[in-house]
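# Structural characterization, general
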Amino acid sequence: MHILGIESTAHTFGVGVVQRQLNEKAEIVSNQLAKFPSTQKGYIPRELVEFHSNHFKEVLEKALAEAGISIQEIDAVAYSQSPGIGHCLHFGYIISKTLSVFLGVPLIPVNHAIAHVEVGKFLCNARDPLVVYVSGGNTQILARTKVGRNHYYKVYGETLDIGIGNFLDQVGRSLNLNPPDAVGVLLNAPKGKKFIRLPYTVKGMNLAFSGLLTAINRLKEKYGTKDLCYSAQETAFSMLVEATERCLCHTRNPEVLLCGGNARNKRLQEMMGFMCAEQETRFCVAPDEYNGDNGGMIALTGLLLYACGKIPEKKEPDQKARVDSQPIPF
Ligand code: FE2
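Basis of the calculations
- Residues numbered from 1 in each chain as written.
- Predicted model: local features only at pLDDT ≥ 70, side-chain atom pairs only at ≥ 80, totals over all residues.
- Heavy atoms only, no water.
- Helix = DSSP H or I, 4+ residues; strand = E, 2+ residues; numbered from the N terminus.
- Rg over C-alpha atoms; globule rule 2.2 N^0.38 Å.
- Buried < 20%, exposed > 50% of the residue type's maximum accessible area, 1.4 Å probe, protein only.
- Contact = heavy atoms within 4.5 Å.
- Areas by Shrake-Rupley, 256 points an atom, 1.4 Å probe, with all protein chains shown as cover.
- Lys, Arg positive; Asp, Glu negative; His and termini not counted.
- Charge placed at Lys NZ, Arg CZ, Asp CG, Glu CD.
- Core = buried A, V, L, I, M, F, W, Y, C linked by side-chain atoms within 4.5 Å.
- Pairing = 2+ DSSP bridges.
- Right-handed = clockwise from strand over helix to strand, strands pointing away.
- Donors = N, O, S within 2.8 Å, 3.2 Å for Na, K, Ca; no water.
- Axes fitted to C-alpha atoms, helices over the stretch in contact; angles between N-to-C directions.
- Parallel < 35°, antiparallel > 145°, perpendicular 65-115°, else oblique.
- Phe/Tyr/Trp six-rings, centres within 6.5 Å; stacked < 30°, edge-to-face > 60°.

### As for the overall build of the protein chain
Scanning the protein chain from terminus to terminus reveals nine helices and twelve strands. Relative to the compact-globule value of 20 Å for 330 residues, the protein chain shows a C-alpha radius of gyration of 20 Å, a close match. Along the first, second and third principal axes, the C-alpha set of the protein chain runs to 60 × 45 × 30 Å. Scored against the burial criterion, the 330 residues of the protein chain give a buried share of 56%. Across the protein chain, every contact between residues at least 6 apart in sequence was considered, and the portion connecting residues at least 24 apart equals 74%. When the accessible surface of the protein chain is totalled, it reaches about 14,400 Å², and 50% of it is carbon and sulfur. The positive charge centre, built from 35 side chains, and the negative charge centre, built from 32, are 5 Å apart in the protein chain.

So, in structure tokens, the structure goes:
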């Protein structure tokens, strides 16, 4: 069987295909995407949807070609239902619903955050990880927990203001980097020599990044860009590693899984890896391709829901659904 996955929560329009033959392990057989380029003005929802509508046909065709199948061979269509930017979620929903009606196959709503976790677990062969989910809009420390009859991803710690990716993107724009986002910070940070003391805010297992951003905006006339990038990354990542270690000492999961768009940062991977080695816990991170937003993770999570026969009934997009708002049926 083949499940098509459509991702469109924010800047990326992605399409992936997952295949599973009888009694065999699932395989992600295609993963194609188009990403709206970062600009100094950030992301405007209307422009994102225009970008998605200009690219969806080409991305869909590439994904089917990579999988080596025709559209008629799709057995179900999964899509990002939540959380995300309203305009973008609705565009993905309309495309997915149209395809499901046209093909006469089930429509499977998927929570984007759960999809990030599931694809990381799948690719790293992680059994029961403590999850560190880091992206533009989210920074959460999660672990699978049983409540009554159901399992949920319980949130042990999270950002109290902005996501770590949003923080790094805003540093990139404020310092006029090229590109003006977290990648610009990542490229400049290794060239920094001087560590500048910045606000460090960890409250138990929760974090806050806006004070750090305000301090950087105030200090940008006084210090060089490279030193500020270096200090911003070291401070924010140290906060995240400290909160994760505190949580790990409490939950004692056998693995720590880093996932989400900012999990691609090699310095964050290195710091989290050091902590896991000290705690004698396996550190897992999926290849970069599957940490950014992608259709493959939506297809995979769609397959997990389809296989256990628990496809959610509510299909309409939900901008704000939290990762812990729905049970994990698989
Ligand atoms: Fe994401």
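### Quick look at the nonpolar core
In terms of nonpolar packing, the biggest core is built from 45 residues, with Val-134, Ile-164, Phe-167, Phe-209, Leu-240 and Met-272 touching the most fellow members. The set of elements that each furnish at least two residues to this core consists of strand 6 (129-134), strand 7 (139-147), helix 4 (164-174), helix 5 (182-188), helix 6 (210-219), helix 7 (225-251), strand 11 (255-259) and helix 8 (266-278). The element best represented in this core is helix 7, accounting for eleven residues. Setting aside residues up to four positions removed in sequence, Phe-167 forms contacts with Ile-162, Phe-209, Leu-212, Leu-213, Ile-216, Ala-232 and Ala-236.

### Side note on the pairing of strand 5 (residues 107-111)
Across the five residues that make up strand 5, a large majority, five, are buried. Note: strand 4 (residues 76-82) against strand 5, five bridges, orientation parallel. In the sheet register, Val-77 faces strand 5, and the bridge partner there is Leu-107. Handedness of the crossover joining strand 4 and strand 5 through helix 2 (residues 86-103) is recorded here as right-handed.

### Examining the coordination of the iron ion
Looking at the iron ion, the protein donor atoms are His-112 (NE2), His-116 (NE2) and Asp-293 (OD), and they sit 2.1 to 2.2 Å from it. Judged by its relative accessible area of 1%, His-116 falls in the buried class.

### A look at the sheet that holds strand 8 (residues 150-158)
Spatial ordering of the open sheet is given by 8-7-6-11-12, a layout of five strands whose pairing is mixed. Lying at the two open borders of the sheet, with one neighbouring strand each, are strand 8 and strand 12 (282-285). When the angles between neighbouring strand axes are averaged without regard to direction, this sheet yields 25 degrees. Packing of helix 3 (residues 112-124) onto the sheet brings it into contact with strand 6, strand 7, strand 8, strand 11 and strand 12, and relative to strand 11 it is tilted by some 125 degrees.

### A few points about the environment of Arg-149
For Arg-149, the location among the structural elements is in the loop between strand 7 and strand 8. Residues Arg-149 and Ile-196, 47 residues apart in the sequence, show an inter-C-alpha distance of 49 Å.

### A short note on the side chain of Ser-231
As for its position among the elements, Ser-231 is in helix 7. With a relative accessible area of 0%, Ser-231 lands in the buried category. Ignoring sequence-local partners within four residues, the contact set of Ser-231 consists of Lys-194, Phe-195, Ile-196 and Leu-198.

### Description of the packing of helix 4 against helix 6
Between helix 4 and helix 6, the least distance of the axes is 10 Å, while the angle of their chain directions is 10 degrees. Between helix 4 and helix 6, the angle falls in the class roughly parallel. Note on element contacts: helix 6 touches helix 4 through Leu-212, Leu-213, Ile-216 and Asn-217, opposite Phe-167, Gln-170, Val-171 and Ser-174.

### Some remarks on the packing of aromatic side chains
Inspection of the entire model under this criterion finds eight aromatic pairs. For the pair Tyr-79 and Tyr-93, a centre-to-centre distance of 5.7 Å together with 40 degrees between the ring planes defines the contact as tilted. Residue Tyr-79 is located in strand 4, and its partner Tyr-93 is located in helix 2; the two are separated by 14 residues in the primary sequence. Comparing Tyr-79 with Tyr-93, the two get one shared label, buried. For the pair Phe-167 and Phe-209, a centre-to-centre distance of 5.8 Å together with 20 degrees between the ring planes defines the contact as stacked. Of the two residues, Phe-167 is situated in helix 4 and Phe-209 in the loop between strand 10 (206-207) and helix 6; the sequence distance between them amounts to 42 residues. Summarising the burial analysis for this pair, Phe-167 and Phe-209 share the class buried.

### Let's talk about unusual backbone geometry
In the segment running from Ser-82 into Pro-83, the intervening peptide bond is cis, with an omega of -25 degrees. Looking at where Pro-83 falls in the secondary structure, it is placed in the loop between strand 4 and helix 2. With an omega dihedral of -5 degrees, the bond running from Asn-178 to Pro-179 counts as a cis peptide bond. Look at Asn-125: it is not a glycine, yet its phi comes out positive at around 55 degrees.

Purely spatial values, then, with no claim about function.
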